[in-house]
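Working through the structure, step by step
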Amino acid sequence: MIELQNLTKTFHTADGDVQALRDVNLTVSDGDIFGIIGMSGAGKSTLVRCINLLERPTDGKVLIDGVDMGTLSNKELRMKRREITMIFQSFNLLMQRSCLKNICFPLELSGVKRKDAEKRAMELLEVVGLPDKAKSYPAQLSGGQQQRIAIARALATEPKVLLCDEATSALDPKTTHSILSLIKDINEKMGITVIVITHQMSVVEDICTNVAILDNGAVAEVGRVTEVFASPKSDAAKRLVFPEGFDVPAADGLDGHKRLRVVFNGADAATTPLIAQMALDTGVSANIMSASTKTIDGLAFGTMLLSVPGTEELRTALDYISREENVLAEEVRDV
């Protein structure tokens, strides 16, 4: 288990102090895939570097399996870091080494014999699906293949925790999906706890079970992905989940209209279209102002912003939509 207790990080610069993290409290259970998401500058990368003490917190504690990382000697910390490995956006491979030698590198640092290190490296090349790339060099590989080698290298010391710092940000959507599938497979088969640092909603939706929303160095919201993304409570979470705006001004030509947001969180997508059926059943016709929905395995996910003529119509629409399973509705008030 990973516990962050009142974690604070302040950088001292020529222009004054910059507080990158403010009183962060998080718990990540063993075997979880935990997402930490936020806009640029929210403090995500600083947070992940504090977990393995590449950055020393100004205040607070990092506990891993009950061990306070800040109390360890340099030797003890080096040993502990073998259990907490990282992959990065830029892959960070050694370009002058072959793929096999890249994977062997952390084992060499740990004093593992060359023959044993190479055997382990070949096993990991199988795990990441690149057994034929042992003699290739990073420059000969695609971005997705380089990240697979980086993942294999991170697994070499048999870690308990894998930290992913924007690990798919440099990849195209198809390659991103394949890398995330690999990480999820590793999590399930090896029981490794994964912490995913990202600014991409789709990454968290794809593989994470729990998520923390980081905003201006502080945790704005935390919970299960399905709950936070279906019904975000904090302004920071709403800005991420509802890019069309969670509070919208009155639109031209729609004076007196009321707005409501509909959130689909695994609703049955095969049934009669909800908004059309509402018009037939209640007589309330809603204008669709914006929509961002998708169907996964026959279930609908996403949001829709509607406009209805007045207060009575709003109440009727809210009541009607709220009866649907796995569909939430709320009024969106003018700013």
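Our subject in this report is the structure included herewith.

Calculation notes
- Residues numbered from 1 in each chain as written.
- Predicted model: local features only at pLDDT ≥ 70, side-chain atom pairs only at ≥ 80, totals over all residues.
- Heavy atoms only, no water.
- Helix = DSSP H or I, 4+ residues; strand = E, 2+ residues; numbered from the N terminus.
- Buried < 20%, exposed > 50% of the residue type's maximum accessible area, 1.4 Å probe, protein only.
- Contact = heavy atoms within 4.5 Å.
- Areas by Shrake-Rupley, 256 points an atom, 1.4 Å probe, with all protein chains shown as cover.
- Lys, Arg positive; Asp, Glu negative; His and termini not counted.
- Charge placed at Lys NZ, Arg CZ, Asp CG, Glu CD.
- 1 Å grid on protein atoms, 1.4 Å probe; cavity = no way out; pocket = protein on both sides within 12 Å on 5 of 7 lines; lining within 4 Å.
- Points joined across faces, edges and corners; volume = space filled by probe spheres on them.
- Nonpolar A, V, L, I, M, F, W, Y, C, P; charged D, E, K, R; others polar.
- Core = buried A, V, L, I, M, F, W, Y, C linked by side-chain atoms within 4.5 Å.
- Phe/Tyr/Trp six-rings, centres within 6.5 Å; stacked < 30°, edge-to-face > 60°.
- Lys NZ or Arg CZ within 6 Å of the ring centre and 35° of its normal.
- Salt bridge = Lys/Arg side-chain N within 4 Å of Asp/Glu carboxyl O.
- Pairing = 2+ DSSP bridges.
- Arc of directions from axis to C-beta.
- Axes fitted to C-alpha atoms, helices over the stretch in contact; angles between N-to-C directions.
- Parallel < 35°, antiparallel > 145°, perpendicular 65-115°, else oblique.
- Left-handed = near helix turned anticlockwise from the far one by under 90°.
- Expected span 1.5 Å × (residues − 1).

**Some points on the overall build of the protein chain**
Scanning the protein chain from N- to C-terminus turns up 11 helices and 14 strands. Taken over 335 residues, the protein chain has a buried fraction of 47%. Within the protein chain, contacts between residues separated by at least 24 positions form 68% of all contacts whose residues are at least 6 apart in sequence. Accessible surface, the protein chain as shown: approximately 16,600 Å² in total, 48% of it carbon and sulfur. For the protein chain, the centre of its 37 positive side-chain charges and the centre of its 45 negative side-chain charges are spaced 11 Å apart.

**Notes on the layout of surface pockets**
Computed from the structure, the second largest pocket encloses a volume of approximately 620 Å³. Lining the second largest pocket are 18 residues, and of these Arg81, Ile84, Thr85, Pro106 and Leu109 sit closest to its centre. Those elements giving two or more residues to the lining of the second largest pocket turn out to be α2 (74–81), β6 (84–88), α3 (99–109) and α5 (143–155). Take the lining of the second largest pocket: its biggest share by element is 4 residues, from β6. Of the residues that constitute the lining of the second largest pocket, the class distribution is 9 nonpolar, 5 polar and 4 charged.

**What to know about the nonpolar core**
With 54 residues, the main nonpolar core has Ile87, Ile151, Ile213 and Phe229 as its most contacted residues. A total of 6 residues in this core trace back to one element, the largest contributor, which is α5. In this view, isoleucine 213 contacts Ile37, Ala218, Val219, Ala220, Glu221, Val228, Phe229, Ala236, Ala237 and Leu240; residues no more than four positions away in its chain are not counted. Grouped together as the second largest cluster of nonpolar side chains are 28 residues, Ile2, Val48, Leu77 and Met86 included.

**Looking at the packing of aromatic side chains**
In this description, a pair of aromatic rings is defined by centroid distance and the angle of the planes. As enumerated under the stated definition, the model contains 0 aromatic pairs in all. Residue placement shows lysine 9 over the ring face of phenylalanine 11; its charged tip is 5.1 Å from the ring centre.

**With respect to the pattern of salt bridges**
For the structure on display, the rule yields 12 salt bridges. Here the salt bridges share partners, and the residues they tie into one network are Lys9, Arg49 and Glu55.

**What to know about the sheet that holds strand β2 (residues 16–28)**
Pairing is antiparallel in the open sheet, where 4 strands are placed in the order β2-β1-β4-β5. Two strands close off the open sheet at either side, each with one partner strand: β2 and β5 (67–68). In terms of strand pairing, strand β4 (residues 59–64) meets β5 through 2 bridges, oriented antiparallel. Opposite leucine 63, over in β5, you have aspartate 68 as the bridge partner.

**Quick look at the environment of leucine 21**
Tracing the backbone through its elements, the reader meets leucine 21 in strand β2. Spatially, the C-alpha atom of leucine 21 lies 9.7 Å from that of aspartate 59, the residues being 38 residues apart in sequence. What leucine 21 contacts, discounting residues up to four positions off in sequence, is Leu7, Thr8, Lys9, Gly43, Thr46, Leu47, Cys50, Leu214 and Gly217.

**Concerning helix α10 (residues 274–282)**
What sets the pattern is the α-helix's 3.6 residues per turn: residues three or four places apart point alike. Of the residues making up α10, those classed as buried are Leu274, Ile275 and Met278. Along α10, the residues classed as buried sweep out an arc of 95 degrees about the axis, all on the same side. With its phi angle positive at about 85 degrees, glycine 283 sits one or two positions after the end of α10.

**Details of the packing of α3 against α5**
Following both chains from N to C, one finds α3 and α5 inclined at 30 degrees, their axes separated by 7 Å at the closest point. Here α5 runs roughly parallel to α3, going by the angle between their axes. Here α3 and α5 pass one another in a crossing that is right-handed. Two secondary-structure elements touch here, α3 through Cys99, Asn102, Ile103 and Pro106 and α5 through Ile149, Ala152 and Arg153.

**Describing the environment of glycine 256**
Take glycine 256: it is sitting in the loop between α9 (235–241) and β11 (258–268). A relative accessible area of 52% places glycine 256 in the exposed class. Separated by 51 residues in the primary sequence, glycine 256 and serine 307 have C-alpha atoms spaced 10.0 Å apart. Ignoring any residue separated from it by four or fewer positions in sequence, one finds glycine 256 in contact with Pro309 and Gly310.

**Overview of helix α11 (residues 311–322)**
Between its first and last C-alpha atoms α11 spans 16 Å; for 12 residues at 1.5 Å apiece the expected length is 16 Å, and the two agree. Looking at the buried positions of α11, the neighbouring elements they touch are β11, α10, β13 (299–308) and β14 (327–332).

**Describing empty space enclosed by the protein**
Per the stated rule, a full pass over the model turns up 1 cavity of 30 Å³ or more. Looking at the largest cavity, its volume works out to about 60 Å³. Around the largest cavity sit Cys164, Glu166, Ala167, Thr168, Leu180, Ile183, Val196, Ile197, Thr198 and Val203, which together line it. Those elements giving two or more residues to the lining of the largest cavity turn out to be α6 (173–190) and β8 (193–198). Ranked by residue count, the leading element in the lining of the largest cavity is β8, at 3 residues.

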